[in-house]
Amino acid sequence: MNRVFKYLVAVLLLAAGAGTHAEEIIWGEVRPKGELDGIPLHYIAIPQQPHDAVKIQLDGKVDEAIWATVPAYNNLLVAVPATGKPSKWPSAVRLLATDRGLYVSSVMKQPRETLLRRLSNRDEFIDRDTFGITLDTSGHGLFGYWFTLALGDTQMDGKVLPERRYSNDWDGPWVGATRELDDGWSAEAFFPWSMMMLPNVEGTRNIGFAIARQISFTNERLQWPGHAYSSPQFVTALNTMEVENVTPRQQFSVIPFASATVDQAREDNKFRAGVDLTWKPTPRFEVNATLNPDFGSVEADDVVLNLSASEVFFPEKRLFFLEGNEIFETTPRANNGNAMRLHTNENFATTSRREFFREFIPTPVSILNTRRIGGIATQVTVPAGVTPNPGENNLPTELLGAAKISGNFGGLRYAVLGALEDDVEWLGRSAAGADVDIDANGRDFGIARVIWEHTAPTTRYGVGAISTLVSGPLFDAEVNAVDLHFGTTDGRWAADLQTVRSEVAGHGGDGVILDAIFAPSSNLSHSIKYDRFDRGVRLSDLGFLRRNDYEGLQYILQFASQKPRGPIINTRGAITLDVQRNLSKDQFVEKALYWRNTVSLPARLTLRTGLGYLPARYEDFDTRGNGSYRTDDRIYAETLWATDASKVASFSFGLGGWQEHRGDWTYTALAGVTFRPFDVFYMDFDVRYRKRDGWLVYQGGRNFGAYHGTEWMPSLKMTWFLAPRHQVRLSMQWAGVRADERGFFAVPAGDGDLVPTTRTRADHDLTVSLLTTQLRYRWEIAPLTDLFVVYTRGNRLNTIDDDSFSNLFTSSFDDPIVDFFVAKLRWRFGN
């Protein structure tokens, strides 16, 4: 009767002209589900209406009559800092289901003068007021989708795997809007069921959910359920909403595109047209295809200076390969962001300017790295006496098409991906100086993945397999792997095991990965990681593996204190012990002990400190198969300081150093500023400086040069929103090196300490210049409907000339090897 009375009151208020912002609110009922660290979890039943009867205009106002009949919830607690108490500024969150999707709204009380509205690129995390929701549509803690809407309508979204393996690669076609109020702000959003994977369920469907709100002024993150970020569970410890008779309809979309490119560096102009197709007849089956795709040109990778044998990992940015990519993450190691979280215990807060640890962080280990598809051509035979033009062998290849089929059946999920590469066409010169075309057949790629998962009352486990194939003109590369997963539903224990077998050009190899985690509390966790890859294993034709021929063991202790103690708001960090040996010679090739710590201080300041001790070991990887040399004991130290990100100008500073392999020191300093004078404009400027002494650079054969030099790495990014959804962005990154050789060494025949030797070439000093500049205009017409106009210019100069930094920069800019203009339009049709 009480509930009926409240509905009658709401109807009378509407009739009298009162909206949902009136004092009388229908508060929803919750049922206890359990608790985590003393924080309650809840069940709720949400109302459902036919979609055509709802008639909600997504303008952020939350003033439609139907909202007044929907129960509201104010169960958010302060999760950061982890007080577990309600905020002084309440929220009224409402959820309404239809046969097509989920409507969510929130009216959030807050003094208007404390609101922080800032526009940014999609998926860019900065300090501002936000509202968000996480949805586990499996209902069993297998995976989740997270969505965030910032005041000012900037969208952020992505996927999350247990427990906090976040990625922001996925972009969904959802709609949301915000509105400032006299006493706070409000948000509305609609999330189509068809964009999410939903298991087949008859009757009541259970969907896990969490609500989040960021209040910049008080530096608080509110959450329902409100357990701390350091808690051992997230995806498996959500609230549950009960939804009746959700039957998503068939989804289809057609996204044709057209692009025109003027390539001034290669003197080549071209027009390209293609189409992306999606068909999802049921939530359990989906087909994606792309014909004649144009994946490149509108995004630029960061400039990374790398003269070692280790490959740099670059994240995927292409929508086709991002959609549904979580099924191909066979272990936690496959996600690049997990290495940072594990080895630093970082929570990536936006309280201060974002500057994080970068040195000595491990790279991923993955069976599938989709950047290989359409990446640099690796099976090209260059005719004798011919040299490719500068930059040709770093150009991405073009794809003729790609297709992906994915789905689920009960506890089984599967996916099949295939792609066809166009023929490679490089430009080169003969020894006589004549222009030469270098041609090669393209590669074909195939991936198949299946995983079965089950959740019991106290445990969850899964069994999966993945196979990949690269078929090229010179050789085929095949990888097969099996993965096993186990965890307890309370998040205390988790284990992942993967065995790998590769066959490349008639040579085989085996590998194994084992990860185990024990988290006895929200403030402490222990991780053990073991991996072993023999000399014949090879994953990097389609996956990513930094090296083979090694056996490694890591122990990581993560610690946190989330509650304020005196002047310290919270602290978190990690201790890592890392040992590796090569299998062919039984030499220790990695020995290290790291301590990294992050402290949040008053006035929204953040201090990060890192220390490391690296005992003597053998270096056998940078020698490129030419023996091993012994390094000295080494020390690493780094400190980073960042200021309040809510201010118009925020700053970061850093100092550090580490010893090179022969004991000499490299010192580093960095500084950065973010300037936001208006909510529609912001600028980031960063500069990194290194003074290197005894820097060993490979010189071919068994030889290394020891260099004394200087590096400068400035970067500038400016973004201006001319109008809502109209954005102009300028980015420029440069890395310059000037170094002179102070010694020349050789790896001894029987391995051991480097020995001095004589260089035959007299001119041996070193300069390097890397430049990437991009000016981009984007009009986001609708979800997945955009107009891009982009100009990109870049260069890589590897010379031995003794030149000034100013000349290095101007030479890179004046004579680029990348210099093109692109206009691209894509338009989404469908339901």
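All figures in this text were calculated on a predicted structure; none of them were measured in a lab. (Residues numbered from 1 in each chain as written. Predicted model: local features only at pLDDT ≥ 70, side-chain atom pairs only at ≥ 80, totals over all residues. Heavy atoms only, no water.)

Student: How do you make sense of the overall build of the protein when you look at a structure like this?
Tutor: Within the protein one finds five helices and 46 strands. Compactness check: the protein gives a C-alpha radius of gyration of 28 Å against a globular reference of 28 Å for 831 residues, within 12% of the reference. Based on the C-alpha atoms only, the size of the protein along its principal axes is roughly 95 × 60 × 50 Å. A buried classification covers 53% of the 831 residues belonging to the protein. With the model as given, the accessible surface of the protein reaches about 34500 Å², and the carbon-plus-sulfur share is 57%. Between the mean site of the 87 positive side-chain charges and the mean site of the 101 negative ones, the protein shows a separation of 4 Å. (Helix = DSSP H or I, 4+ residues; strand = E, 2+ residues; numbered from the N terminus. Rg over C-alpha atoms; globule rule 2.2 N^0.38 Å. Buried < 20%, exposed > 50% of the residue type's maximum accessible area, 1.4 Å probe, protein only. Areas by Shrake-Rupley, 256 points an atom, 1.4 Å probe, with all protein chains shown as cover. Lys, Arg positive; Asp, Glu negative; His and termini not counted. Charge placed at Lys NZ, Arg CZ, Asp CG, Glu CD.)

Student: Is there a simple way to think about unusual backbone geometry in this case?
Tutor: Trans peptide bonds make up most of the peptide bonds, and negative phi angles are found at most residues other than glycine. Of note, the amide linkage connecting valine 80 to proline 81 takes the cis form, showing an omega dihedral of -5°. Following proline 162, the chain continues into glutamate 163 via a peptide bond in cis, with omega recorded as -10°. Positive phi values are uncommon outside glycine, yet aspartate 123 reaches one of about 70°. By the secondary structure assignment, aspartate 123 is in the loop between β6 (101–109) and β7 (130–136). Of the residues examined, aspartate 123 reaches a relative accessible area of 13% and is grouped as buried.

Student: Hey, could you run me through the sheet that holds strand β3 (residues 72–73) in this one?
Tutor: For sheets, the rule is that strands pair by backbone hydrogen bonds, running either parallel or antiparallel. Spatially, five strands are ordered β3-β5-β6-β12-β11 in an open sheet, and the strand pairing comes out antiparallel. Each edge of the sheet is formed by a strand with only one pairing partner; in this case those strands are β3 and β11 (175–181). Alignment of strand β5 (residues 91–97) against β6, held across seven bridges, turns out to be antiparallel. Along β6, the bridge assignment pairs arginine 94 with serine 105. (Pairing = 2+ DSSP bridges.)

Student: Explanation requested: the environment of aspartate 169 in the structure shown.
Tutor: Looking at where aspartate 169 falls in the secondary structure, it is placed in the loop between β10 (165–167) and β11. Along the backbone, aspartate 169 and asparagine 325 are 156 residues apart, and their C-alpha atoms lie at a distance of 8.9 Å. Among residues more than four places away in sequence, those in contact with aspartate 169 are Glu316, Leu322 and Asn325. (Contact = heavy atoms within 4.5 Å.)

Student: How do you make sense of the side chain of glutamate 326 when you look at a structure like this?
Tutor: Structurally, glutamate 326 can be placed in the loop between α3 (319–322) and α4 (336–344). When its relative accessible area of 7% is taken as the criterion, glutamate 326 is described as buried. When near neighbours in sequence (up to four residues on either side) are disregarded, glutamate 326 contacts Lys159, Leu161, Met197 and Arg413.

Student: Help me out: how do you make sense of the pattern of salt bridges in this one?
Tutor: A side chain with one charge may pair with a side chain of the opposite charge, provided their charged atoms come close. For the coordinates displayed, the defined rule picks out 49 salt bridges. A salt bridge links glutamate 551 to arginine 581, with the shortest nitrogen-to-oxygen separation between them at 2.8 Å. One end of the pair, glutamate 551, is in strand β30 (residues 550–561); the other, arginine 581, is in strand β31 (residues 570–581), and 30 residues separate them in sequence. Relative accessible area serves as the criterion here: at 25%, arginine 581 is assigned to the partly exposed category. In this structure, glutamate 711 engages arginine 690 in a salt bridge whose closest nitrogen and oxygen atoms are separated by 3.8 Å. Of the two residues, glutamate 711 sits in strand β40 (residues 703–723) while arginine 690 sits in strand β39 (residues 681–698), which places them 21 residues apart along the sequence. (Salt bridge = Lys/Arg side-chain N within 4 Å of Asp/Glu carboxyl O.)

Student: Is there a simple way to think about the nonpolar core in this case?
Tutor: The tendency in soluble globular proteins is for nonpolar side chains to be buried side by side. If you look at the biggest cluster of nonpolar residues, it comprises 43 residues, and the most contacted ones within it are Leu95, Leu102, Ile133, Leu135, Phe147, Phe191 and Met241. Looking at this core, the elements that each hand over two or more residues are β5, β6, β7, β8 (144–150), β12 (184–192), β13 (204–215), β14 (220–224) and β15 (239–244). Setting aside residues no more than four positions away along its own chain, phenylalanine 147 makes contact with Phe131, Gly132, Ile133, Leu135, Met156, Asp157, Trp170, Trp174, Phe191, Met195 and Met196. Ranked by size, the runner-up nonpolar core spans 31 residues in total, among them Phe445, Ala477, Val479 and Val504. (Core = buried A, V, L, I, M, F, W, Y, C linked by side-chain atoms within 4.5 Å.)

Student: What am I meant to see in the pairing of β31 here?
Tutor: For a regular strand, side-chain orientation follows a simple rule: the groups alternate between the two sheet faces. The pairing of β30 with β31 spans 11 bridges and is antiparallel. Bridged to glycine 552 within β31 is glutamine 580. In terms of strand pairing, β31 meets strand β32 (residues 588–601) through 12 bridges, oriented antiparallel. For isoleucine 575, the partnering residue across the bridge sits in β32 and is tryptophan 595. Hairpin connection from β31 to β32: six residues lie between these consecutive antiparallel strands, with aspartate 586 at a positive phi of about 55°.

Function cannot be read off these values alone, since they describe shape.
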